[in-house]
Amino acid sequence: RMLDVQTLLLRCAAAGRNRSKVCSPIPAELASDGGVHDGDWLARQVFSATKQMYSTEFRKGRTEQSDYDENQHAWTLLTFLLSLPWTKGGRLISDNANNSTSKTVTIVLNIGSALGDETPEFARYAREFGTVHAYHGTKIENAWSILNHGLRNLSYDNALSENGAMMGAGVYLSTAFEVADMFAQTATRNTKALAYAFQHESLLRLLHFAKVDVASLGPLDEYDISCLPVFEATIIAPPTEDDGEPSVTDDRTGIDTKKCTRQEGKYFVADSDLIRISKLHLRFDLATKSSLWSWFPLRPPLYAIVIFIAIWWLVVSDDKE
């Protein structure tokens, strides 16, 4: 199922408004616009390659000459996805409690062991200050980039920053999962491109993994689909009063206290290098789209009959008068 997670997150990244920044990494063959200079080119390339990658013909190796380019991109993307370091080391966990009728499910991607050992810098700060367990909520379009590049400081990036930098530059986290989940909800924007990104077999396979009875579902385009990502991480704890005021680099330990984590209540602001992602929580929600007639208990043909009878009664009443 790891390939399904990768495919869906990549499609969501390609659907984002800032796809040129968050849809990374990606094979160069898909990133090139072929001279078209079209902002939607990347999304079309990713959608086409992932659709072909899941096709029956592609899986069975039956290809037509006319489909050569599409299959070439699909093979390139598949090889690329399988080469990512967290592909084999990651582990998926379903959090659905065997409720096959639920259309709200959570899948947890455990990647802590897949990212390798902590850096010497992280280890130095951890020995000096200790660590804290924290969470970071974002929008689904950003999840692909974060998984591959880590949580980066975007405080002053007007295009990608959602909430500014009230506590200074850095990555904002909270010790409360509910707070991070709230920020993920706030950041979510349902667009046509994102809705199309969810219309893919990879989502059905993930729902099946979460023990959802996918056979009872209607076509995916009959649902308003959302996914809230919350990253779980270990960060360096902020200095205590005993550690002294932030000043200069300690030559003995190599610690730059100006780089240390800052705290205000349940909120933490940490440097990108002092964060180790361990898990990604993905909460999917499928809500049946409402239609005009869903507000009425009767179907259109019955309403036509009722309207006909009402008109007939009015006509008969006028004749009697």
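Provided above is the structure to which this section pertains.
Predicted model only: the values in this text are computed from it and were never measured.

Under the counting rule described, the total for this entry stands at zero disulfides. Unpaired in terms of disulfides, C227 finds its nearest cysteine sulfur in C12, a separation of 6.7 Å. Looking at C227, the relative accessible area reads 2%, which means it is buried.

Before going further, it helps to spend a moment on the pattern of salt bridges. Under the definition given, this model contains five salt bridges. Put simply, D4 and R205 hold a salt bridge, and the shortest N to O gap is 3.0 Å. On the criterion of sequence distance, the pair formed by D4 in helix α1 (residues 2-15) and R205 in helix α12 (residues 201-209) is long-range, its members being 201 residues apart. We classify D4 as buried; its relative accessible area is 3%. Salt bridges linked by common partners bring R1, D4, E201 and R205 together as one network.

Moving on, we get to the packing of α1 against α12. Two elements in contact, α1 and α12, have axes separated by 9 Å at closest approach and are oriented at 135 degrees. Regarding the angle of α1 to α12, the classification is oblique. Along this stretch, α1 crosses α12, giving a crossing that reads as left-handed. Taking contact as the criterion, the partners of D4, V5, T7 and L8 in α1 are, on α12, S202, L203, R205 and L206. Considering only residue class, the contact of α1 with α12 consists of four nonpolar, two polar and two charged.

Across its 14 residues, α1 extends 20 Å between first and last C-alpha, which sits within 8% of the 20 Å expected from 1.5 Å per residue. Burial analysis of α1 places 13 of its 14 residues in the buried class, which makes it a mostly covered element.

Conventions and cut-offs
Residues numbered from 1 in each chain as written. Predicted model: local features only at pLDDT ≥ 70, side-chain atom pairs only at ≥ 80, totals over all residues. Heavy atoms only, no water. Disulfide = S-S within 2.5 Å. Buried < 20%, exposed > 50% of the residue type's maximum accessible area, 1.4 Å probe, protein only. Salt bridge = Lys/Arg side-chain N within 4 Å of Asp/Glu carboxyl O. Helix = DSSP H or I, 4+ residues; strand = E, 2+ residues; numbered from the N terminus. Axes fitted to C-alpha atoms, helices over the stretch in contact; angles between N-to-C directions. Parallel < 35°, antiparallel > 145°, perpendicular 65-115°, else oblique. Left-handed = near helix turned anticlockwise from the far one by under 90°. Contact = heavy atoms within 4.5 Å. Nonpolar A, V, L, I, M, F, W, Y, C, P; charged D, E, K, R; others polar. Expected span 1.5 Å × (residues − 1).

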